[in-house]
Amino acid sequence: MRKTQGTHLSTLGSFSRIRSLDLKVQVSMPSITLINICEDGGVNAALYKVTNLRAFNVTFNEVLLLWSDNKVHSRCILMYEVQFCPGLCEEEDFKRINRLNDNSLSFHFSRSLPSGTLDCKEEVIGKFRVRASDYWNRTGPFSSILHYKNVDQRH
């Protein structure tokens, strides 16, 4: 079930100057299908910064990240790249944590601890940032960095 959930992208490639378009989509049930037809804005097309990045503690070692795309100025978003860096870190220490290309405005981040671990500490404490990437692989700037400090912190 986990393999089939989430966003799946199919592309038709490029087409222009057509009068009509017939689409046939094969889906498994239940599902939701969104057909998004976009025009490449060219070299001057700019993606803007993701805003309002917030974190909500779910439980120990789990955090839900939410953000807004109201300043991105495009609906042709392929994915949002979510990056994390634990503790005190530098710009080059950020690593992508969402493995799937997903264009939803949230990400549930959790870290599993080895079985039998007694001395447990939160491993989701650190810095988060997010940026948008469009269908033409152009990326926008990263959001402001969110410092997630502990389970009592709410943004």
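Residues numbered from 1 in each chain as written. Predicted model: local features only at pLDDT ≥ 70, side-chain atom pairs only at ≥ 80, totals over all residues. Heavy atoms only, no water.

Asks: Outline a nonpolar patch on the surface, supporting the account with residue identities and numerical values.
Replies: Residues Phe15, Ile18, Leu21, Leu23, Val25, Val27, Met29, Ile35 and Ile37 make up a contiguous nonpolar surface patch of roughly 830 Å² in combined accessible area. Checked against the element boundaries, Ile35 lands in the segment before β1 (51-59). Ile35 gets classed as partly exposed once you look at its relative accessible area, which sits at 48%. (Patch = residues over 30% accessible without salt bridge, like charges linked within 9 Å, V, L, I, M, F, W, Y side chains within 5 Å. Areas by Shrake-Rupley, 256 points an atom, 1.4 Å probe, with all protein chains shown as cover. Salt bridge = Lys/Arg side-chain N within 4 Å of Asp/Glu carboxyl O. Helix = DSSP H or I, 4+ residues; strand = E, 2+ residues; numbered from the N terminus. Buried < 20%, exposed > 50% of the residue type's maximum accessible area, 1.4 Å probe, protein only.)

Asks: Hey, could you go over the packing of aromatic side chains for me, with residue numbers and the actual values?
Replies: As enumerated under the stated definition, the model contains seven aromatic pairs in all. On the basis of an interplanar angle of 80° and a centroid distance of 5.7 Å, the ring pair of Phe109 and Phe128 is categorised as edge-to-face. Taken together, the residues Phe109 in strand β5 (residues 106-110) and Phe128 in strand β6 (residues 126-134) connect sequence positions 19 residues apart. Among the residues examined, Phe109 registers a relative accessible area of 6% and is labelled buried. Measuring from ring centre to ring centre gives 6.5 Å for Phe128 and Tyr148, while their planes differ by 70°; the resulting arrangement is edge-to-face. Linking Phe128 in strand β6 with Tyr148 in strand β7 (residues 146-148), this pair joins segments that are 20 residues apart in sequence. The exposure classification of Phe128 matches that of Tyr148, with both residues buried. Taken together, the ring pairs in this structure connect Phe84, Phe107, Phe109, Phe128 and Tyr148 into an aromatic cluster. Directly above the ring of Phe94 sits Arg129, whose terminal nitrogen or CZ lies 4.1 Å from the centroid. Above the ring of Phe142, the side-chain terminus of Arg129 is found at 3.8 Å from the ring centroid. (Phe/Tyr/Trp six-rings, centres within 6.5 Å; stacked < 30°, edge-to-face > 60°. Lys NZ or Arg CZ within 6 Å of the ring centre and 35° of its normal.)

Asks: For the state of the cysteines, give the residues involved together with the corresponding values.
Replies: On inspection of all chains with the given rule, the structure shows two disulfides. Between the sulfur atoms of Cys38 and its disulfide mate Cys76 the distance is 2.0 Å. On the sign convention where negative is left-handed, the bridge of Cys38 and Cys76, at about -105° about the S-S bond, is left-handed. Of this pair, Cys38 sits in the segment before β1 while Cys76 sits in the loop between β2 (62-68) and β3 (77-86), placing them 38 residues apart in sequence. There is a disulfide in this structure between Cys85 and Cys89, and the S-S distance comes to 1.3 Å. Across the disulfide from Cys85 to Cys89, rotation about the S-S bond amounts to roughly 65°, and the bridge is consequently right-handed. The pair Cys85 / Cys89 is uniform in exposure class, with both members buried. For the protein chain, the disulfide bridges join cysteines in the arrangement 1-2, 3-4, where the cysteines are counted in sequence order. (Disulfide = S-S within 2.5 Å.)

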